[in-house]
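So you can see what is in the structure, the chains are spelled out below.
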Amino acid sequence: MKANNHQRVLAGCLGLLLLAALVQAASWMKGDTLVFPGVPRILQAFFRLLGEKRTWQQVAVTLKHLAVTLAISAGAGISLGLLQGMNGFVYRLLRPAMVFLRSIPMIVLTVIIMVMTSYDRVPVAASSLILIPMISEAACEGVRRIEPELIDVYRMNSSLNLRVLGSVHLPLMAGYLRQAWQTAAGMGIRMVVTTEYLVQTKNSLGKAVFTSGYFFEYDEIYAYALIMVLLVLGLGELPGWMGRAVQKWKKEI
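Since the structure is predicted, the reported quantities are computational estimates derived from the model, not experimental observations. Along each chain, numbering runs from 1 in the same order as the chain's sequence is written. Thresholds applied to this predicted model are a pLDDT of at least 70 for local features of residues and 80 or more for the giving and counting of side-chain atom pairs; totals over whole chains, interfaces and linings are not thresholded and use all residues. As a rule here, side-chain values cover all heavy atoms of the structure and leave hydrogens and water aside.

Give me the side chain of Thr69: which residues, what numbers.
Runs of H or I in DSSP of at least four residues are treated as helices and runs of E of at least two as strands, each being numbered from the N terminus. The topology assignment puts Thr69 in helix H3 (residues 53–86). Looking at Thr69, the relative accessible area reads 0%, which means it is buried. In protein, a polar contact means a hydrogen-donor-capable atom and an acceptor-capable atom, both N or O and within 3.5 Å, with residues adjacent in sequence counting only if both atoms are side-chain atoms; elsewhere, any N or O pair within 3.5 Å suffices. Among the polar contacts made by the side chain of Thr69, one reaches the main-chain carbonyl oxygen of His65 at a distance of 2.7 Å. Contacts were defined at the residue level, with two residues in contact if any of their heavy atoms lie within 4.5 Å. Setting aside anything within four residues of it in sequence, one finds Thr69 in contact with Pro123, Val124, Ser127, Ser128, Leu131 and Val192. To sort residues, take the accessible area from a 1.4 Å probe on protein chains only and compare it with the maximum for the residue type: under 20% means buried, over 50% means exposed, and anything in between is partly exposed.

Quick one: what's the story with the pattern of salt bridges, residue by residue and with numbers?
Salt-bridge detection follows one rule: a side-chain nitrogen of Lys or Arg within 4 Å of a carboxyl oxygen of Asp or Glu. In this structure the tally under the stated criterion is 5 salt bridges. Two residues, Asp219 and Arg41, come together in a salt bridge whose shortest N-O distance is 3.8 Å. Linking Asp219 in helix H11 (residues 218–252) with Arg41 in helix H2 (residues 39–50), this pair joins segments that are 178 residues apart in sequence. Of the residues examined, Arg41 reaches a relative accessible area of 35% and is grouped as partly exposed. Two residues, Arg48 and Glu52, come together in a salt bridge whose shortest N-O distance is 3.5 Å. Given a relative accessible area of 24%, Glu52 falls into the partly exposed group. Salt bridges sharing partners connect three or more residues here, namely Arg48, Glu52, Arg54 and Glu220.

Explain the packing of aromatic side chains residue by residue, including any values.
Ring pairs shown here join Phe, Tyr and Trp side chains whose ring centres sit within 6.5 Å, with only the six-membered ring taken for Trp; geometry is labelled stacked below 30 degrees between planes, edge-to-face above 60, and tilted in between. Applying the stated criterion across every chain, the model contains 5 aromatic pairs. Between Phe46 and Phe47 the ring centres are 5.1 Å apart and the planes differ by 70°, which places this aromatic pair in the edge-to-face class. Here Phe46 falls in the buried class, since its relative accessible area comes to 7%. Residue Phe47 is classed as exposed on the basis of its relative accessible area, which comes to 56%. Judged by centre distance (6.5 Å) and plane angle (45°), the rings of Phe216 and Tyr218 are tilted. By relative accessible area, Tyr218 is classed as partly exposed at 23%. Whether a charge sits over a ring depends on NZ of Lys or CZ of Arg being within 6 Å of the ring centre and within 35 degrees of the ring normal. It is Arg144 that lies over the ring of Tyr91; its NZ or CZ is 4.2 Å from the centre.

Residues and numbers for the nonpolar core, please.
In this structure, Leu205, Tyr224 and Ile227 are the most contacted members of the largest nonpolar core, which totals 32 residues. Counting only elements with at least two residues in this core, the list comes to H2, H3, helix H5 (106–116), helix H6 (122–144), helix H9 (174–199), helix H10 (205–214) and H11. The element best represented in this core is H9, accounting for 7 residues. In this structure, Ile227 is in contact with Phe46, Leu49, Leu50, Thr55 and Val59, ignoring residues within four places of it in sequence. In this text, buried Ala, Val, Leu, Ile, Met, Phe, Trp, Tyr and Cys residues form a nonpolar core when linked through side-chain atoms within 4.5 Å.

With reference to specific residues and values, describe the packing of H3 against H9.
Simply put, an axis is a line fit to the C-alpha atoms, just over the touching stretch for a helix, and the angle between two N-to-C directions goes from 0 to 180 degrees. At a minimum axis separation of 9 Å, H3 and H9 run at an interaxial angle of 135°. With respect to H9, the axis of H3 lies oblique. In this structure, H3 crosses over H9, and the sense of that crossing is right-handed. On H9, the residues touching Val61, Thr62, His65, Leu66, Thr69, Leu70 and Ile78 of H3 are Leu177, Trp181, Ala184, Ala185, Gly188, Ile189, Val192, Val193 and Glu196. Under the scheme applied, nonpolar residues are Ala, Val, Leu, Ile, Met, Phe, Trp, Tyr, Cys and Pro; charged residues are Asp, Glu, Lys and Arg; polar residues are all the others, including Gly. Residues that form the contact of H3 with H9 fall into these classes: 11 nonpolar, 4 polar and 1 charged. Here roughly perpendicular refers to angles of 65 to 115 degrees, roughly parallel to angles under 35, roughly antiparallel to angles over 145, and oblique to all remaining angles. Throughout, a crossing is termed right-handed when the near helix is turned clockwise from the far one, and left-handed when it is turned anticlockwise from it by less than a right angle.

Now the structure itself:
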């Protein structure tokens, strides 16, 4: 186990070095340090931004939008996925809407929502509508993959209720939901920042990227991108951390 952990850490470090080398190579090939600043300048901007209070305020605003988006998407997506997985009629009824939401370009959906509601609601509304079909599809597939024998066992002892959903269905769907969460966290922060950029949300990462681009501070743009990558990695590992914490807590009890 320790050897595997060491290999994962080593591979991750080598991957970061490879990425840095590619960025530096692009800077040399382009010959334009304004658009493609070198790695040292990007890291300098990155650590400078981390030391500014304004950056953490921007991160907090974006994370707030992301948290609300993920909460809405998870609640609606899992509920709809359970219904679709358990009822073929509901699956066929909702499938056109889910395909439409998965297929519509985000910029088109964002513009429609900008017309329908106030700008401060756009990041959450647009991002949620994109993520709900993704989580719903994972939940639906998780329900359909449950062994029929297990379903027959609970039917012999109880009818379908919230307790059965919480103790039977959701644990057996955990793998699908965990994968959907990791994908939704990464895609969610990209969509939230993009919509913040489009509607110029005050004190957000999207607004910060727009301002940096307006003043041709491309080193800050790459630094903000690095901050977002770290946020995505942390959010993606959140279910694993929570699972390990729960297991440790159960052992102590």
